[in-house]
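# Structural features, examined
One letter stands for each residue in the lines below.
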Amino acid sequence: MLPQNDSRVAAATPAAAPGPLFPFVLQLADTSLILAHRLSEWCGHGPVLEQDLAMANIALDLLGEARSYYQYAAELEGQGRTEDDLAYLRSAVEYRNPLLVEQPNNDFAHTILRQFLFDNFHYHLLKALLTCPDTQLAAIAEKSVKEASYHLKWSSEWVIRLGDGTPESRQRLEKAIATLWRFGEELTTATPSEKALQELGVLPDYATLLPAMQAHTAYVFAEATLPLPGPVFGQQGGKTGRHTEHLGYLLSELQYMQRTYPGLTW
Amino acid sequence: MVTAAAPTEAHIWQLLEEVSDPEVPVLSILDLGIVRAVAVAGDQITVTITPTYSGCPAMNVIATEIRLRLLAEGYSNVVIHNQLSPAWTTDWMSQAGREKLEAYGIAPPVDGTATGHVLNLFGKDTAVRCPVCKSTHTHLVSQFGSTACKAHYQCDDCLEPFDYFKCHN
């Protein structure tokens, strides 16, 4: 819950909307932060030490990327909010991450499949943003795409290992597909602010990312000996603030320190 | 008490050579290739650095250590500028740095072998040399190691497990 007497709550709803770039950069920031938090929940609980470290490392990369976006978003907004205000003092309905990344870790297979769906989009989006006319977004993409490619390699290899592994690992991955596939579509479905940016030529039309994403998925699933899932009804809403119940619980953990001790600094 | 003479760029570069990477203390930040520029204007010194990995926690420590090192010479007007583009690559690591890394027990990056970018699944960086017995019969244990910049390898000849400073380009 937001403390009602906190003066920063008023600043959470800026009077003048600062254009479509701000909500989009915030969406990128929220997406990387929430997934980083989910992955960091594995720290100390991974199935083996190496993969525990892998998830913590990926979480760290995403957290660093999220900071770059939050700093840029704060600058774009120009209302005096800092990167910390944006990350720690907004409520669940103000978060703009797609539903996929807030889904619980469940078992390792669910975490891997969630990561694969995200990485496949993230990598191809960042590649397209390398030529973005907004130089700051292009610079962040240039930095992060190298990391994202490494993540995609990791999650792709694990989809193959689990799918083409033991009956147990395969069955768990199939269950993860049945649970999470419906959240993939939101990643490439443009919100009004994304559409505005696409019309301005700042963002690529997501349809142009799909062939490479689908080709990679088809390749990985063939290697994993898994049939490609057919069309499902896509669950959407996170990017416009309509979240699953999981996000509130996640934020209560993530924002605990700032909510308990407002203004606390390191 | 040290009184500051007018700073020169050459002197600042010399001082930066003494600042080490907190996670790989054998490397100076110049060896690592993260200092992109030094500019002196009057008594103001601007040091431009670039992060190795987006979330590298060493970056804040490095910025503090640069300030402290320059302050010890009496230079207090220091601006640290963080620059993302062009993005850091292991190609910027100095030859001296590579030799120091290997002597320290970490295999240096093998240029041009980054496997992440081309998505070559189950591929490994080629010809990673064991820092102990120098054999190139090594295998990848895990893509992710003790810090963001390292992967975990093992030597097939002497069996030594070792960190490999990943090729990142």
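Just so you know, these numbers come straight off a predicted model, no measurement behind them.

### Overview of the overall build of chain A
When you go through chain A residue by residue, the secondary structure sums to 12 helices and 0 strands. Listed N to C, the secondary structure of chain A is α-α-α-α-α-α-α-α-α-α-α-α in terms of helices and strands. For 266 residues, the compact-globule formula gives about 18 Å, and the C-alpha radius of gyration of chain A, at 18 Å, lands near that figure. Considering only C-alpha atoms, chain A reaches an extent of 55 × 40 × 35 Å along its principal axes.

### A short note on the confidence of the model for chain B
Mean pLDDT for chain B: 88, with 90% of residues reaching 70 or above. The ipTM for the predicted assembly is 0.87, set against a pTM of 0.90.

### Notes on helix H11 (residues 246-254) of chain A
All names here are of chain A. Taken together, the buried positions of H11 are Leu247, Leu250 and Leu251. The buried residues of H11 all sit within an arc of 95 degrees when viewed along its axis, so they share a single face. Seen from the buried face of H11, the exposed residues on the opposite side, beyond 90 degrees, are Tyr249, Ser252 and Glu253. If you follow the buried residues of H11, they end up packed against helix H2 (21-40) and helix H5 (99-102).

### Overview of helix H9 (residues 192-199) of chain A
All names here are of chain A. For H9, every residue scored as buried is listed here: Ser193, Glu194 and Leu197. Viewed along the axis of H9, the buried residues span an arc of 100 degrees, placing them on a single side of the element. With respect to the buried face of H9, the exposed residues turned more than 90 degrees away are Pro192 and Glu199. Note on H9: the residue one or two positions beyond its end, Gly201, has a positive phi of about 80 degrees.

### Looking at unusual backbone geometry
Residue and element names in this part refer to chain B. Following Ser85, the chain continues to Pro86 via a peptide bond in cis, the omega torsion being 0 degrees. Checked against the element boundaries, Pro86 lands in the loop between strand S3 (78-82) and helix H4 (95-104). Positive phi is not limited to glycine here, since Lys134 has a value of about 65 degrees. Assignment of secondary structure puts Lys134 in the loop between strand S4 (106-107) and strand S5 (138-142). Its 11 C-beta neighbours within 10 Å are what place Lys134 among the exposed residues.

### Some thoughts on the interface of chain A and chain B
In many reports, interface size means the accessible area that the parts give up when they come together. Contact with chain A, which involves 24 residues of that partner, is made by 21 residues of chain B. Of all the elements in the fold, those that place two or more residues in the side of chain A that touches chain B are helix H3 (49-77) and helix H7 (135-163) of chain A. At 14 residues, the largest contribution of residues to the side of chain A that touches chain B is made by H7 of chain A. Residue composition of the side of chain A that touches chain B, by class: 9 nonpolar, 6 polar and 9 charged.

### Looking at the packing of helix H6 (residues 108-129) of chain A against H7 of chain A
The geometry of a pair of packed helices is captured by two quantities: the angle between their axes and the separation between those axes. Residue and element names in this part refer to chain A. Their axes nearest at 7 Å, the elements H6 and H7 cross at an angle of 145 degrees. The element H6 and its partner H7 pack so that their crossing is left-handed. Taken together, the residues of the contact of H6 with H7 break down into 16 nonpolar, 8 polar and 2 charged.

### Some thoughts on the confidence of the model for chain A
Summarising the model, chain A shows a mean pLDDT of 92, and 93% of its residues fall at 70 or more. Scored below 50 in pLDDT, residues 1-17 of chain A shows 13 contacts in the model against residues more than four places distant or in partner chains.

### A look at the environment of Asp157 of chain B
Assignment of secondary structure puts Asp157 of chain B in the loop between strand S6 (150-155) and strand S7 (161-165). Measuring from C-alpha to C-alpha, the distance between Asp157 of chain B and Ser135 of chain B comes to 6.8 Å, with 22 residues separating the pair along the chain.

### Description of the nonpolar core
Val25, Ala29, Tyr69, Ala73, Leu113 and Val159 of chain A are the most contacted members of the largest nonpolar core, which has 108 residues in total. The residue makeup of this core includes at least three contributed by each of domain 1 (9-82) and domain 2 (91-165) of chain B. Excluding its chain neighbours within four sequence positions, the residues that come into contact with Val25 of chain A are Tyr69, Tyr72, Ala73 and Leu76 of chain A.

### Thoughts on the sheet that holds S6 of chain B
Residues and elements named next belong to chain B. Ordered by their spatial adjacency, 4 strands build an open sheet running S4-S7-S6-S5, and the pairing between neighbours is mixed. Sheet topology places S4 and S5 at the edges, where each strand pairs with a single neighbour. In this structure, S4 lies alongside S7, joined through 2 bridges in parallel fashion. Residue pairing across strands places Ile106 opposite Asp163, the latter belonging to S7.

### Section: the UniProt feature "domain: MIP18 family-like" (unreviewed entry) in chain B
As recorded in UniProt, the sites labelled "domain: MIP18 family-like" (unreviewed entry) are residues 10-67 of chain B. Taken end to end, residues 10-67 of chain B comprises 36% helix and 22% strand; its first and last C-alpha atoms sit 17 Å apart.

### Quick word on the sheet that holds strand S2 (residues 44-49) of chain B
All names here are of chain B. Strands sit in the order S1-S2-S3 across an open sheet of 3 strands; the sheet is mixed. The strands lining the two open edges of the sheet, one partner per strand, are strand S1 (35-41) and S3. On average, adjacent strands in this sheet sit at an angle of 15 degrees to one another, irrespective of strand direction. Sheet strands touched by helix H1 (residues 9-16): S1 and S2. Its angle to S1, the strand with the most contacts, is close to 140 degrees. Packing against the sheet, helix H3 (residues 58-72) makes contact with S2 and S3, and its axis sits at approximately 155 degrees to S3.

### Notes on the domain arrangement of chain B
Residue and element names in this part refer to chain B. Domain boundaries assigned for chain B yield domain 1 (9-82) and domain 2 (91-165). Taken together, the contact between domain 1 and domain 2 spans 12 residues of the former and 12 residues of the latter. Tallied by class, residues from the side of domain 1 that touches domain 2 come to 7 nonpolar, 3 polar and 2 charged.

### Some points on the pairing of S6 of chain B
Residues and elements named next belong to chain B. Pairing of S5 with S6, which is carried by 4 bridges, proceeds in the antiparallel orientation. The partner of His139 across the bridge, within S6, is Gln154. The hairpin turn running from S6 into S7, its antiparallel successor, is 5 residues long, and Leu159 in that turn takes a positive phi close to 70 degrees.

Procedures and definitions
Residues numbered from 1 in each chain as written. Chains lettered and ligands numbered in written order. Predicted model: local features only at pLDDT ≥ 70, side-chain atom pairs only at ≥ 80, totals over all residues. Helix = DSSP H or I, 4+ residues; strand = E, 2+ residues; numbered from the N terminus. Rg over C-alpha atoms; globule rule 2.2 N^0.38 Å. pLDDT = per-residue confidence, 0-100. Buried ≥ 20, exposed ≤ 12 C-beta atoms within 10 Å, placed from the backbone. Arc of directions from axis to C-beta. Contact = placed C-beta atoms within 7 Å. Nonpolar A, V, L, I, M, F, W, Y, C, P; charged D, E, K, R; others polar. Axes fitted to C-alpha atoms, helices over the stretch in contact; angles between N-to-C directions. Left-handed = near helix turned anticlockwise from the far one by under 90°. Core = buried A, V, L, I, M, F, W, Y, C linked by C-beta atoms within 7 Å. Domains from an automatic or database assignment. Pairing = 2+ DSSP bridges. UniProt positions renumbered as here; feature names shortened; annotations may be inferred.

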